[in-house]
Amino acid sequence: MCENCTNLRIGDNAPRFIANSTNGNLKLTDYIGKWVIFFSYPGNFNPTCNSEFIEFSKMHNEIKKRNCELIALSIDSLQSHLMWINSIYNSSGIKVPFPIIADIDMSISKKYSMISPENNFQTLRCVYFLSPTQKIMAILHYPIENGRNTGEILRLLDALQFTHANGIHTPVNWLPENRKSF
């Protein structure tokens with residue numbers, strides 16, 4: 001584990017931050033009242049990261065319908081982020097509609113244990129699901145080499161929201177259309 005990283009757990013309050021992003025200054029507290037999917041990725045101009053950002057961008061409207069916002073983070077510079085999202089747009093026609101934080105000093109990455117244990121200068125593929133009160137509801141960590149399943153991320157958001165609203169558990173392979181619970 002990296003020096004100064006924290007061990008966040010489900011149920012903890014999300015560490016607050018103010019950051020520079022592709023959409024201007026961003027404060028986590030601006031998102032109180034909304035669900036948040038806060039995720040990190042290893043770096044710009046990476047084919048796996050490109051594929052993830054294209055998919056997250058395509059599902060952005062579905063996420064917003066659920067009173068949820070996406071926030072991305074890497075330790076690349078703001079200039080690099082802007083060049084990268086322009087490159088994604090030029091090659092795919094997809095506009096990245098959510099903010100990407102430039103965490104050059106790794107202060108946020110360390111608070112959220114997003115730094116690779118093998119390489120203290122690279123962020124992992126982490127996903128934090130935050131409730132409207134900014135409690136951590138779920139944490140997913142993926143190795144740098146493997147892309148995420150965005151369909152599962154959306155399914156987990158639906159399950160978390162269903163459980164949060166109804167106070168009941170969801171069974172294995174739960175999907176919102178079957179609404180079965182325990």
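Scroll up for the structure.
None of the values given here were measured: they were computed from a predicted structure. (Residues numbered from 1 in each chain as written. Predicted model: local features only at pLDDT ≥ 70, side-chain atom pairs only at ≥ 80, totals over all residues. Heavy atoms only, no water.)

Trainee: Where do I start with the overall build of the chain in this structure?
Mentor: Helix and strand counts for the chain come out as 5 helices and 7 strands. Element order for the chain, N to C, with α for helix and β for strand: β-β-β-α-α-β-α-β-α-β-β-α. Here the C-alpha radius of gyration of the chain, 16 Å, is about what a compact globule of 182 residues would show, namely 16 Å. When its C-alpha atoms are laid out on the principal axes, the chain stretches across 45 × 40 × 30 Å. Accessible area of the chain: about 9100 Å², with a carbon and sulfur share of 51%. (Helix = DSSP H or I, 4+ residues; strand = E, 2+ residues; numbered from the N terminus. Rg over C-alpha atoms; globule rule 2.2 N^0.38 Å. Areas by Shrake-Rupley, 256 points an atom, 1.4 Å probe, with all protein chains shown as cover.)

Trainee: Mind showing me how you'd approach the side chain of Q134 here?
Mentor: Counting through the fold element by element, Q134 comes out in the loop between strand 6 (125-130) and strand 7 (136-142). Of note is the side chain of Q134, whose polar atom sits 2.6 Å from the backbone oxygen of L28. (Polar contact = N/O pair within 3.5 Å; in protein donor to acceptor, adjacent residues only side chain to side chain.)

Trainee: Quick question: what am I supposed to make of the nonpolar core here?
Mentor: One recurring pattern in soluble globular proteins is that nonpolar side chains are buried together. Counting residues in hydrophobic clusters, the biggest one holds 29 residues, and the most contacted among them are I37, F39, F53, W84, F98, I100 and F129. When contributions to this core are tallied by element, the ones reaching two or more residues are strand 3 (35-40), helix 1 (47-58), strand 4 (68-74), helix 3 (78-92), strand 6, strand 7 and helix 5 (150-166). Look past the residues within four positions of F129 in its chain and what remains in contact with it is V36, I37, K135, I136, M137, A138, L140, I153, L156, L157 and L160. One finds A19, Y31, I101 and Y112 within the second-largest nonpolar core, a separate group that totals 21 residues. (Core = buried A, V, L, I, M, F, W, Y, C linked by side-chain atoms within 4.5 Å. Buried < 20%, exposed > 50% of the residue type's maximum accessible area, 1.4 Å probe, protein only. Contact = heavy atoms within 4.5 Å.)

Trainee: Please explain the pattern of salt bridges as it appears in this structure.
Mentor: Opposite charge on two side chains permits them to pair, given that their charged atoms come into close proximity. Scanning the model with the defined rule gives 10 salt bridges in all. Here R155 ties to E152 by a salt bridge, and the two come within 2.7 Å at their closest N and O atoms. Note that R155 and E152 are positioned in helix 5 at a spacing of 3 residues, about one turn of the helix. A relative accessible area of 29% places E152 in the partly exposed class. (Salt bridge = Lys/Arg side-chain N within 4 Å of Asp/Glu carboxyl O.)

Trainee: What is the right way to read the pairing of strand 6 from this model?
Mentor: Along any regular strand the residues' side chains alternate between the sheet's two faces. The element strand 6 is extensively covered by neighbouring structure, given that 6 of its 6 residues are classed as buried. Alternating residues of strand 6 divide into R125, V127 and F129 and C126, Y128 and L130, and every residue in both groups is buried. Relative to strand 6, strand 3 runs antiparallel, the two being bridged by 4 bridges. When the bridges of strand 6 are listed, F38 appears paired with Y128. One ladder, built from 6 bridges, connects strand 6 with strand 7; its direction is antiparallel. The partner of Y128 across the bridge, within strand 7, is I139. Here strand 6 folds back onto strand 7 in antiparallel fashion, the turn holding 5 residues, of which Q134 has a positive phi close to 65 degrees. (Pairing = 2+ DSSP bridges.)

Trainee: Got a minute to help me understand helix 5 in this structure?
Mentor: Spacing of three or four residues puts side chains on the same side of an α-helix, whose turn is 3.6 residues. For helix 5, spanning 17 residues, the distance from its first C-alpha to its last is 24 Å, which sits close to the expected 24 Å at 1.5 Å a residue. Within the sequence span of helix 5, burial applies to T150, I153, L154, L156, L157, D158, A159, L160, Q161 and F162. Among the structural elements, strand 3, helix 1, helix 2 (60-65), strand 4, strand 6 and strand 7 are those in contact with the buried residues of helix 5. If you check the start of helix 5, you find a side-chain oxygen 2.9 Å away from the backbone N of G151, and it comes from N149. Just beyond helix 5, the residue with positive phi is G167, at close to 65 degrees. (Expected span 1.5 Å × (residues − 1).)

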